[in-house]
Amino acid sequence: MPSAKQSVTKVLSSAPVYRAMPRGAMRTYAALKYLGENASGHEITQFIRKSGGIPTRHLSTALIAARAVFRAGADDLLAETLDELQNRFPESPDLHALRADVLAYHGDYEAALEQARSGRMLQPSNAGCAARVVTYGYRVLSQADADEAALQALKRLPFNGEVMWAVTKLCETPEQYHRINTAWHECQNEPADLFKSVRQLATAAGRAGEVDAAVDLYAKAIRLVLDGGDMGGPIVDFKLEGKGAWTAFEDLHKALDGAGVPYFIAAGTALGLIREGRPLSADNDIDVGVFDEHFDRDALIELFAKNPMFDFDVVHPRTKKVGLKHRGGSPIDIFRFYPDGDLMYHDAVFVRWGNRPFEIERRDIRGLDLPFPADSDTYLTENYGDWRTPYAGFDAFFDGDAPNVEVTWADYLRLHFIRRGYKALSRGNRKAAAVEIERAGETELAHRMGASA
């Protein structure tokens, strides 16, 4: 049974009861609990400014507000508050983690690493600080030192998702993968532990080019399920919904257009803006393109290194795109569009998509003058077929869904399908899982799955 405190917290997070409360600390607390779960960072920032600043009496409430203010980029409101909070709560590692992120978005990775280390010293088991030691360590340390820090974090918290993602998303070589895999298996206590880390370990293998090992990890986990193992609940895909996608897009447009970069809106982002007037809530990133003759990766990195609303996201070592992450949480991909034969292509890790060459035209969307492929109907039809009809299950990497996809790394496609099958299995959809696993070439597993559906 939930406690009375848990019940009250749930009510405050799910309904705007603060609007009926008199001014005071309790109203502020109730507002932040609700807005922190249901509003954008800008809305919270506006409320906090009108209320006289971030309240610092209760650490949990202050952190909700401070994180929202960080996501909105209101660093003027955040800086003094963090100093005051660290004076009031000097033993809080979460404050060090937040300060580390602020420093990272301002490009000071050495100071960000020191903040993360300080938080970890206060509480070695704090996953947020441990993950940031890994992430920022790879920005400033030697490869050997960063690898060692990653292995130490893994050994300390081998079944924590945040730490494992930080370690495995930065794996790039077979040697790194084998060290990670060996270290994790030394920590494994029972077969079911694999459910806690299989996606991360498979990601490390895939990034290192050890695709067969990645497929085998998923296959092993699927066999555990078929033998009665408990996956622990459904895998939830990342979605732009709730991540301030429109604000992220506005900031991206301001940065690129302001620097004179001749970009255009591409793929799912073009679909969302043209069909619905906004980025698709169910999409997982924001996509834009730059033609090959204008694509200068070093210049793009320099541009966004100076912009405190963006940090660099981790991309697969075989891709040439520039990956960004907006403060609000939205990932962004800047793709190079290059000519090959009669078509214009852009690449992902194991596929590429081809379009007939197109010009760029501007459209007004919600008051912004935005660049799109000129014949948007043709462009979207080439990408999606019937693009006017929403299709929640669309797979841009499968030629049964995407008309213009071309596989460039067939082995990795197997990993894509078995990963989708594992996700479907986690949601209890064994029929869909069997279809994906069959596509991955795991016929025996697919037959077992179909028999148990």
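Every chain is numbered independently, its residues counted from 1 as its sequence is written. The predicted origin of the model limits local features to residues at a pLDDT of at least 70 and limits the giving and counting of side-chain atom pairs to 80 or more, whereas totals for whole chains, interfaces and linings rest on all residues. Remark: hydrogens and water are excluded; side-chain values derive from all non-hydrogen atoms of the structure.

Caption draft 1: Region of the structure containing the overall build of the chain. In this text, helices come from DSSP runs of H or I with a minimum length of four residues, and strands from runs of E with a minimum of two, each type numbered from the N-terminal end. Within the chain, the secondary structure is distributed over 20 helices and 10 strands. When we talk radius of gyration, it's over C-alpha atoms, and the globule rule is simply 2.2 Å times the number of residues to the 0.38. On C-alpha atoms alone, the chain measures out to a radius of gyration of 23 Å, which is about the 22 Å that the 2.2 N^0.38 rule sets for 453 residues. Should any heavy atoms of two residues lie within 4.5 Å, those residues are considered in contact. A separation threshold of at least 6 residues defines the contact pool for the chain, and within that pool the share at least 24 residues apart is 60%. Roughly 21200 Å² of accessible area belongs to the chain as shown, and the carbon and sulfur atoms make up 49% of that amount. Each charge class in the chain can be summarised by its mean position, and for the 54 positive and 64 negative side chains these summaries are 7 Å apart. Per-residue and other accessible areas were derived by the Shrake-Rupley procedure at a 1.4 Å probe size, with only the shown protein chains allowed to occlude residues. The convention is simple: Lys and Arg are positive, Asp and Glu are negative, and His and the chain ends are not counted. Where a charge lies is defined by one atom per residue type: Lys uses NZ, Arg uses CZ, Asp uses CG and Glu uses CD.

Caption draft 2: View of the nonpolar core. Nonpolar core, defined: a set of buried Ala, Val, Leu, Ile, Met, Phe, Trp, Tyr and Cys residues in which side-chain atoms within 4.5 Å join the residues together. Only protein chains enter the accessibility calculation, which uses a 1.4 Å probe. A residue is then buried if its area is under 20% of the maximum for its type, exposed if over 50%, and partly exposed in between. The biggest cluster of nonpolar side chains holds 64 residues, and the ones touching the most others in it are Val134, Ile222, Leu415, Ile418, Tyr422, Ile437 and Met449. With 10 residues, the single largest contributor to this core is helix 13 (residues 211–226). Once residues lying within four places of it in the same chain are set aside, the contact partners of Val134 are Ala149, Ala150, Ala153, Ala166, Val167 and Leu170. Membership of the second largest hydrophobic core comes to 44 residues, among which are Val261, Ile286, Phe291 and Phe335.

Caption draft 3: Structural context of the packing of helix 15 (residues 267–276) against helix 17 (residues 376–384). Two elements in contact, helix 15 and helix 17, have axes whose closest approach is 10 Å; the angle formed by their N-to-C orientations is 125°. Of the possible angle classes, the one that applies to helix 15 and helix 17 is oblique. Handedness of the crossing formed by helix 15 with helix 17: left-handed. Contact residues: helix 15 offers Ala267, Gly268, Ala270, Leu271 and Ile274, while helix 17 offers Ser376, Tyr379, Leu380 and Tyr384. Three categories are distinguished: nonpolar for Ala, Val, Leu, Ile, Met, Phe, Trp, Tyr, Cys and Pro, charged for Asp, Glu, Lys and Arg, and polar for the others, with Gly belonging to the last. For the contact of helix 15 with helix 17, the residue count by class is seven nonpolar, two polar and no charged. The angle between two axes is taken between their N-to-C directions and runs from 0 to 180 degrees, where each axis is a line fitted to C-alpha atoms and a helix contributes only its stretch in contact. Each angle receives one of four descriptions, namely roughly parallel if under 35 degrees, roughly antiparallel if over 145, roughly perpendicular if within 65 to 115, and oblique otherwise. Less than a right angle of anticlockwise turn of the near helix away from the far helix marks a crossing as left-handed, whereas a clockwise turn marks it as right-handed.

Caption draft 4: Geometry of unusual backbone geometry. With phi around 50°, Ala267 is a residue other than glycine that occupies positive phi space. Classification of Ala267 as buried rests on a relative accessible area of 12%. Unusually for a residue other than glycine, Arg366 sits at a positive phi of about 50°. Structurally, Arg366 is set in the loop between strand 8 (360–365) and strand 9 (368–373).

Caption draft 5: Layout of the packing of helix 13 against helix 18 (residues 410–426). Contact geometry for helix 13 and helix 18: axes closest at 9 Å, N-to-C directions at 20°. Classed by the angle they form, the pair helix 13 and helix 18 counts as roughly parallel. Crossing of helix 13 over helix 18 shows left-handed handedness. In this structure, helix 13 contributes Val211, Asp212, Ala214, Val215, Tyr218, Ala219, Ala221, Ile222 and Val225 to the contact, and helix 18 contributes Asp411, Tyr412, Arg414, Leu415, Ile418, Arg419, Tyr422 and Leu425. Split into classes, the residues belonging to the contact of helix 13 with helix 18 amount to 13 nonpolar, no polar and four charged.

Caption draft 6: Representation of helix 11 (residues 174–187) in the model. One less than the residue count of a helix, multiplied by 1.5 Å, gives the span that helix is expected to have. Taking 1.5 Å as the rise per residue, helix 11 with 14 residues should run 20 Å; its terminal C-alpha atoms sit 20 Å apart, in good agreement. Turning to helix 11, its buried residues are Gln176, Tyr177, Ile180, Asn181, Ala183, Trp184 and Cys187. Seen along its axis, helix 11 keeps its buried residues to an arc of 165°; they face one direction. Those residues of helix 11 hidden inside the fold are in contact with helix 8 (127–140), helix 9 (143–156), helix 10 (161–168), helix 12 (194–207) and helix 13. Directions drawn from the helix axis to the C-beta atoms are what define this arc.

Caption draft 7: Local environment of the pairing of strand 2 (residues 286–291). Within strand 2, six of the six residues are buried, leaving the element largely enclosed by the surrounding structure. Burial along strand 2 is two-sided: the face carrying Ile286, Val288 and Val290 and the face carrying Asp287, Gly289 and Phe291 are both buried. Strands are treated as partners if at least two bridges between them are detected by DSSP. Where strand 1 (residues 263–265) meets strand 2, three bridges bridge the pair, whose relative direction is antiparallel. The residue of strand 2 that forms the bridge with Tyr263 is Val290. One ladder, built from six bridges, connects strand 2 with strand 5 (residues 331–340); its direction is parallel. Bridged to Asp287 within strand 5 is Asp333.

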